[in-house]
Amino acid sequence: ASGAEDQWTLNENREAFSRILFRPRVLIDVSHINMATNILGFDVSMPIMIAPTAMQKMAHPEGELATARAAASAGTIMTLSSWATSSVERVNSVGPGIRFFQLYVYKDRNIVRQLVKRAEMAGFKAIALTVDTPRLGRREADIKNRFNLPPHLVLENFAALDLGKMDKTDDSGLASYVASQVDQSLCWEDVRWLQTITSLPILVKGVMTAEDTRIAIEYGAAGIIVSNHGARQLDYVPATISCLEEVVREAKGRLPVFLDGGVRRGTDVFKALALGAAGVFIGRPVLYSLAVDGEAGVRKVLQMLRDELELAMALSGCPSLRDITRAHVVTDGDRIRRARL
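Since the structure is predicted, the reported quantities are computational estimates derived from the model, not experimental observations.

Quick word on unusual backbone geometry
Moving on, step 1. The phi angle at Leu-40 is positive, at roughly 55 degrees, despite the residue not being glycine.
Moving on, step 2. Its location among the elements puts Leu-40 in the loop between strand S2 (37-39) and strand S3 (42-44).
Moving on, step 3. On the accessibility criterion, Leu-40 (25% relative accessible area) is partly exposed.

Here you go:
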């Protein structure tokens, strides 16, 4: 629930959406609304997908297995965290579904090779490489609470490597774990290295600038996820919705750009699509709904967001996703430019 340091970005991730207003069009036939889309060659029912969130069995005993079933039933994509409390094999065992695997690169590259290969063999369709976490942000609530993984749970993807538990510390057990295991030397060349060990498309998660977008394209990324890690890394970075257009402009349609962060309503999804996103990933709403009612809770939150997006499309005069354009929203920047004119 918390963010880094002063939690300014945590609040801004939501507030920035409230400053984007609609320009609805009228007298358009919206008797049939089509939200279906294609993500990296995979047909999905809607442009709302599940972001990677760690340790879901802390929210519900079935954890990631419940989330995977809910995503499959909704016809959308689930992204499994490296630090899941269910392994890639266990998640695959719940049945068919389109699933991506989020990757943290460990100092021991043999661990990375094994993990990527296991995800590939378990039927995962893409790698979402997290690039904004060479060190963990200062999450003061975690420090105060001396956050640690409960003793009855384990990071299942690493259990066989004796890396599934965290040591107890006087601050955040997760921060200590990251400092000891995650490779701080990760750089753009490692994107190419990943391409040598897997044939899966690689999404770069954590890009917020045009400069890094340009480099991601040069290094063969299959897509970009605009993300500030749920405002849990560097505080006082802009909201992701505020960074989206800069990234989209630089991408120039050469690869899909997705948004992660702050999405709580179907209207938020519409705004992201209008600003050029190919889809959005949701994190906290999944964890909260999972805690409330397990698989049924996650199904419910996905249905709520779907229904809200459908209504926003109808009331904006957009019968399909391709009808949603930049002209359907007004941002702070638009208002400033018009005032200058």
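Describing the environment of Met-78
Moving on, step 1. Relative to the elements of secondary structure, Met-78 occurs in strand S5 (residues 78-80).
Moving on, step 2. Taking relative accessible area as the criterion, Met-78 reaches 1% and is therefore assigned buried.
Moving on, step 3. Along the primary structure Met-78 and Phe-124 are separated by 46 residues, whereas in three dimensions their C-alpha atoms are 9.8 Å apart.
Moving on, step 4. For Met-78, the residues in contact, after removing those within four places along its chain, are Ile-50, Glu-64, Thr-67, Ala-68, Ala-71, Ile-98, Arg-99 and Phe-100.

Focus: the pairing of strand S9 (residues 223-226)
Moving on, step 1. Burial along S9 is two-sided: Gly-223 and Ile-225 and Ile-224 and Val-226, pointing in opposite directions, are all buried.
Moving on, step 2. Examined bridge by bridge, strand S8 (residues 202-207) and S9 share 4 bridges and lie parallel to one another. Pairing of Leu-203 across the sheet is with Gly-223, part of S9.
Moving on, step 3. Bridging between S9 and strand S10 (residues 257-260) involves 3 bridges; their strand directions are parallel. Its bridge partner lying in S10, Ile-225 is registered against Phe-258.

How each quantity is defined
- Residues numbered from 1 in each chain as written.
- Predicted model: local features only at pLDDT ≥ 70, side-chain atom pairs only at ≥ 80, totals over all residues.
- Heavy atoms only, no water.
- Helix = DSSP H or I, 4+ residues; strand = E, 2+ residues; numbered from the N terminus.
- Buried < 20%, exposed > 50% of the residue type's maximum accessible area, 1.4 Å probe, protein only.
- Contact = heavy atoms within 4.5 Å.
- Pairing = 2+ DSSP bridges.

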